[in-house]
Amino acid sequence: MASKMNAGDGRTRSSMSIIIVVGLCCFFYLLGAWQRSGFGKGDSIAQQITQLTDCTVIPNLKFETHHSGEGVKFDDSSKAKVFESCSAEYTDYTPCQDQRRAMTFPRENMNYRERHCPPEEEKLHCLIPAPNGYVTPFAWPKSRDYVPYANAPYKSLTVEKAVQNWIQYEGNVFRFPGGGTQFPQGADAYIEQLASVIPMANGTVRTALDTGCGVASWGAYLMKKNVVAMSFAPRDSHEAQVQFALERGVPAVIGVLGTIKLPYPSRAFDMAHCSRCLIPWGANDGMYMMEVDRVLRPGGYWVLSGPPINWKTNYQAWQRPKEELQEEQRKIEEVAKRLCWEKKYEKAEIAIWQKRVNADSCPGRSDSRDSMCESKDADNVWYKKMEACITPYPEVNSPDEVAGGELKVFPERLNSVPPRISSGSVPGVSVETYLEDNRLWKKHVKAYKRVNKILDSGRYRNIMDMNAGFGSFAAAIESSKLWVMNVVPTIAEKNTLGVIYERGLIGIYHDWCEAFSTYPRTYDLIHANGVFSLYKNKCNAEDILLEMDRILRPEGAVIFRDEVDVLIKVKKTVDGMRWNTKMVDHEDGPLVPEKILIAVKQYWVVGGNNSTSSE
């Protein structure tokens, strides 16, 4: 039995359960104590937890003598492998968007800015260090406006974007005034102008896509409207755009519209946005607009601000030939017409189009010179080449029906049955299956909160669910204090990312045999449910754990949920990674073979004092 009592121990199983819970409380006290805020202070909530219990009497649960792991590729030597620190040059290493490797690929259509992951022989097997002086970011909403300089010590944007109100350097912090290239007066005023056309206030618009996001101020200020944006920008000459966004506590990934499809499902976003994002929308026979059309839900909105909109008035200020701008806008208008988008607004430098709700509302679309995409699965996008073709609408039974199903307003849509479930579009999944999954994860998260009382306190802002399923973990912890990047592995048995978006959550496709498209130290908490069972014999589990270490902040936490034999192997590896761990029983008791492994990454930096003791 996994948690069989020691010989001579007269405790009851009930008593042992109490000990387990109290032990975890102690563990998360240590977690909070290790936290370093922007001012070097510990977590006050954790101090309250420690007053409730005496940590010195709680033993760790031990399973090693009762179980043996099988089937997962780990180092089987008796002694845990100790991982060394990478050199300081790798502090901001992004394996699949490495600058040096990128320059060896063609520049046509931004191919060199896309994902190009290192071959096996070039993978690093060391721990990415934090920069000297690194501190835990400020809590939201302060983090939206202030980022510690030590966490991303790059000043180039403060010079290049000085007149555009993007970012300012003040002492030991960067300040983000909320401006942007197209909204130097502030994102709030810009968003209000959009909201006069787009229904943001009532929950109709919940998910947004920001292409070429810069430091993601648009996404940051949209959160006031309870709209969550998936922002992306390439790793380009403007250092640390996406890194700044994530340091601010705003969802973002490294990405580009180039030659491969975006890693999102069809009909995902209620709104898509480009504010002077430098994407040649009319090029390649309108291929990029067609990709936006694929990920935009029926009835959704596309916003384009900046060149070439209103070129007659602005061509001199933009210092571009008016003939060139005129032709650029002509191409955009032509593609929008072929897609049957309806222009709803054009004023100053902002234009807004709306996608029709179904094919019947645009009879001319099928008669256009564009071919419809041949693929029967518009969600099969991982490393698939982008095409200049139109993604067909799902069929409808009446002219007024929303193709793919009408969504409820947020937050009602969070726990209602998504159309892809109710229509049977996800093979093998029924409404009952979905509702049971919801109930199960509410129970799991309730158990997490019993032992980690700071889970939804604001201590963790950027959260990742590595194997998100229907997004029920994210739904159960939904809060304005946090957001969840719901990852659906490309090898998952069921493609559920479309369901996640229909719930008003965001996420991305990813293969965990490769590095994630983000900078180091960008997530506060990682949830890994069944990840290592899923990837059994698919790739090296050590590589996955090193990637988790790369993207996890110092003093960040990980919750592993998996079979006990798998977790024993995980624990053995992470014991050599400067992580502290504790294994605990499933909330239903020791007879359940699924266990929980909690881990906290220790604080350490390049060449600095790596002690986790309070100062």
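For clarity, every value in this text was computed on a predicted model and none was experimentally measured.

Examining the overall build of the protein
Consideration 1: Counting its secondary structure elements, the protein contains 18 helices and 17 strands.
Consideration 2: For the protein, the proportion of its 615 residues judged to be buried stands at 57%.
Consideration 3: In the protein, the proportion of contacts linking residues at least 24 apart, taken out of those at least 6 apart, comes to 71%.
Consideration 4: Surface accessibility of the protein: about 25,100 Å² in total, with carbon and sulfur atoms responsible for 50%.

Description of empty space enclosed by the protein
Consideration 1: Summed over all chains, the structure comprises seven cavities of 30 Å³ or more.
Consideration 2: Within this model, the largest cavity holds a volume of roughly 260 Å³.
Consideration 3: Here the element with the most residues in the lining of the largest cavity is strand β13 (residues 506-510); it accounts for three residues.
Consideration 4: Its residues placed into classes, the lining of the largest cavity shows 13 nonpolar, four polar and four charged.

Here we look at the nonpolar core
Consideration 1: Counting 135 residues, the largest nonpolar core has Y264, W281, M548 and F560 as its most contacted members.
Consideration 2: Setting aside its immediate chain neighbours within four residues, F560 contacts A528, F532, L545, M548, L567, V570, W579, K595, I596, L597 and A599.
Consideration 3: Residues A152, I167, F176 and V215 belong to the second largest nonpolar core, which totals eight residues.

Looking at the pattern of salt bridges
Consideration 1: The tally for this structure, following the rule as stated, stands at 43 salt bridges.
Consideration 2: In this structure, K224 engages D188 in a salt bridge whose closest nitrogen and oxygen atoms are separated by 2.8 Å. You can see K224 sitting in the loop between α7 (217-222) and β5 (228-233) and its partner D188 sitting in helix α6 (residues 187-195), a full 36 residues away along the chain.
Consideration 3: As a salt-bridge pair, K344 and E342 come within 3.9 Å of each other at their nearest N and O atoms.
Consideration 4: One network of salt bridges, in which partners are shared, links D285, E327, R330, E334 and R338.

Some thoughts on the sheet that holds strand β3 (residues 173-175)
Consideration 1: Strands sit in the order β1-β3-β2 across an open sheet of three strands; the sheet is antiparallel. Each of the sheet's edge strands pairs with one partner strand only, and the pair in question is β1 (146-148) and β2 (168-170). On average, each strand axis in the sheet is inclined to that of its neighbour by 30°, with strand direction left out of account.
Consideration 2: Note that β2 and β3 share three bridges and pair antiparallel. If you follow E170 over to β3, its bridge partner there is V173.

Thoughts on the packing of helix α9 (residues 287-295) against helix α11 (residues 322-339)
Two measures define how a pair of helices packs: the angle their axes make with one another and the distance between the axes.
Consideration 1: It is at 10 Å that the axes of α9 and α11 come closest, and there the two elements cross at 40°. As far as their axial angle goes, α11 and α9 are oblique. Both α9 and α11 take part in a crossing whose hand is right-handed. Of the residues in α11, those in contact with M289, M290 and D293 of α9 are I332, V335, A336, R338 and L339.
Consideration 2: When its residues are assigned to classes, the contact of α9 with α11 shows six nonpolar, no polar and two charged.

What about the packing of aromatic side chains?
Consideration 1: According to the stated counting rule, one finds 20 aromatic pairs in the structure shown.
Consideration 2: Ring centres of Y448 and F473 lie 6.4 Å apart, and the angle between their planes is 65°; on these two criteria the pair is classed as edge-to-face. One end of the pair, Y448, is in helix α13 (residues 431-451); the other, F473, is in helix α14 (residues 472-476), and 25 residues separate them in sequence.
Consideration 3: Given the relative accessible area of 1%, F473 is considered buried.
Consideration 4: Considering the side-chain rings of F532 and F560, the 6.0 Å spacing of their centres and the 45° angle between planes classify their relative orientation as tilted.

A short note on helix α18 (residues 564-574)
Consideration 1: Burial analysis of α18 places nine of its 11 residues in the buried class, the great majority of the element.
Consideration 2: Three or more residues of α18 are buried, namely V564, V566, L567, I568, K569, V570, K571, T573 and V574.
Consideration 3: Taken together, the buried residues of α18 touch α16 (531-534), α17 (541-551), β15 (552-563), β16 (579-585) and β17 (594-601).

A look at the state of the cysteines
Consideration 1: Tallying each qualifying case throughout the model produces six disulfides.
Consideration 2: Each disulfide pairs two cysteine sulfurs, and for C274 the partner residue is C277, the sulfurs being separated by 2.1 Å. With the S-S bond torsion at -95°, the cross-link from C274 to C277 turns out left-handed. Here C274 and C277 have matching classes, each one buried.
Consideration 3: Put simply, C340 and C362 are joined by a disulfide, and their sulfur atoms are 1.6 Å apart. Taking the sign of the S-S torsion, about 105° here, the bridge from C340 to C362 comes out right-handed.

Conventions and cut-offs
Residues numbered from 1 in each chain as written. Predicted model: local features only at pLDDT ≥ 70, side-chain atom pairs only at ≥ 80, totals over all residues. Heavy atoms only, no water. Helix = DSSP H or I, 4+ residues; strand = E, 2+ residues; numbered from the N terminus. Buried < 20%, exposed > 50% of the residue type's maximum accessible area, 1.4 Å probe, protein only. Contact = heavy atoms within 4.5 Å. Areas by Shrake-Rupley, 256 points an atom, 1.4 Å probe, with all protein chains shown as cover. 1 Å grid on protein atoms, 1.4 Å probe; cavity = no way out; pocket = protein on both sides within 12 Å on 5 of 7 lines; lining within 4 Å. Points joined across faces, edges and corners; volume = space filled by probe spheres on them. Nonpolar A, V, L, I, M, F, W, Y, C, P; charged D, E, K, R; others polar. Core = buried A, V, L, I, M, F, W, Y, C linked by side-chain atoms within 4.5 Å. Salt bridge = Lys/Arg side-chain N within 4 Å of Asp/Glu carboxyl O. Pairing = 2+ DSSP bridges. Axes fitted to C-alpha atoms, helices over the stretch in contact; angles between N-to-C directions. Parallel < 35°, antiparallel > 145°, perpendicular 65-115°, else oblique. Left-handed = near helix turned anticlockwise from the far one by under 90°. Phe/Tyr/Trp six-rings, centres within 6.5 Å; stacked < 30°, edge-to-face > 60°. Disulfide = S-S within 2.5 Å.

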